[in-house]
Amino acid sequence: MTNRTLAPAPDLTGIRLAHRALTGDIERLAALADGIAESGRPVSGAWARSIAAYVHRYNVGVRHHHENEDAILWPVIAAAVEQALTDGSFVEGLSAEGVADLASLTEDHTALDPLQDACDWAATLFGEDPARHARRLADALDAQRVALVEHIAAEERELFPVITRHVSAAAYAAAEARIRAATPLEHAPWLRAWLLSFATVDDLRVLTPGGTASALADTVFRVYAEHEVEVFGPTS
């Protein structure tokens, strides 16, 4: 029987941060768009285009996260669960069937694709004519928000205990490294800074060891901070 009790558990700081950024920003974007649509406030062309660009970049981050969970992380988890079931070490009370094939979470990703496409299209239209398409963008973002927040809650509830108990720290770290390497180069600076904008001090200590957290965060964050202010204002 495999004993993972004394082995180091995977560090989930990175995926927790990604989830915080994904849910935090879809909430912010949905609230912003709904406020614009409800109030009928005038939106300048520059602001509308900045919001549209932000939605597009945010959805690049969502797609990157989900595609690489499907392609890289899920197989690692499935292999660990299969091994635990084979050697009899799978913890009673966890859903082996639901975790082994990860079908429901992959189906969630598939179901989210058209919602993201609808948001991207609504954002493009909003960027061209905000007065006409504000409600369309608000409704599309809210639909994506509801589905995404529910999906991430289920993922953390169902998978995190399994990862911590059955996936080796080395295998998980290797999967994370492959996911980072798969980040689209043209979007990497913005996405990196976006993630860091949601990081706590403790997150930064883990993700940027060796005392470089503050300097790195200051350098990378500037890529994103100006765009954030353009969209949400200086007090966001």
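To be clear, the structure that these remarks concern was listed above.
In this text the structure is predicted, and so the values were computed from the model without any measurement.

Caption draft 1: Inspection of helix H4 (residues 103-128) at higher detail. Relative to the 38 Å expected for 26 residues at 1.5 Å per residue, H4 spans 39 Å between its end C-alpha atoms, a close match to the ideal helical length. The sharpest bend along H4 comes to roughly 25°, located at Asp 113, with the proline Pro 114 sitting one to four residues further on. Of the positions making up H4, those classed as buried are Leu 105, His 109, Leu 112, Gln 116, Cys 119, Asp 120, Ala 122, Ala 123, Leu 125, Phe 126 and Gly 127. Elements that come into contact with the buried residues of H4 comprise helix H1 (13-39), helix H2 (45-87) and helix H5 (130-166).

Caption draft 2: Spotlight on the packing of H2 against H4. The interhelical angle for the contact between H2 and H4, taken along N-to-C directions, is 165°, at an axis separation of 9 Å. Taken together, the axes of H2 and H4 are roughly antiparallel relative to one another. Viewed along their axes, H2 and H4 form a crossing whose handedness is left-handed. The class makeup of the residues in the contact of H2 with H4 is eleven nonpolar, eight polar and six charged.

Caption draft 3: Up close: the layout of surface pockets. As a volume, the largest pocket reaches approximately 610 Å³. Gly 14, His 64, Ile 179, Arg 180 and Leu 195 are, among the 24 residues lining the largest pocket, the residues nearest its centre. When grouped by side-chain class, the residues that make up the lining of the largest pocket number 14 nonpolar, six polar and four charged.

Definitions and limits used
Residues numbered from 1 in each chain as written. Predicted model: local features only at pLDDT ≥ 70, side-chain atom pairs only at ≥ 80, totals over all residues. Heavy atoms only, no water. Helix = DSSP H or I, 4+ residues; strand = E, 2+ residues; numbered from the N terminus. Expected span 1.5 Å × (residues − 1). Bend = angle between axes of the 7 residues up to and from the residue. Buried < 20%, exposed > 50% of the residue type's maximum accessible area, 1.4 Å probe, protein only. Contact = heavy atoms within 4.5 Å. Axes fitted to C-alpha atoms, helices over the stretch in contact; angles between N-to-C directions. Parallel < 35°, antiparallel > 145°, perpendicular 65-115°, else oblique. Left-handed = near helix turned anticlockwise from the far one by under 90°. Nonpolar A, V, L, I, M, F, W, Y, C, P; charged D, E, K, R; others polar. 1 Å grid on protein atoms, 1.4 Å probe; cavity = no way out; pocket = protein on both sides within 12 Å on 5 of 7 lines; lining within 4 Å. Points joined across faces, edges and corners; volume = space filled by probe spheres on them.

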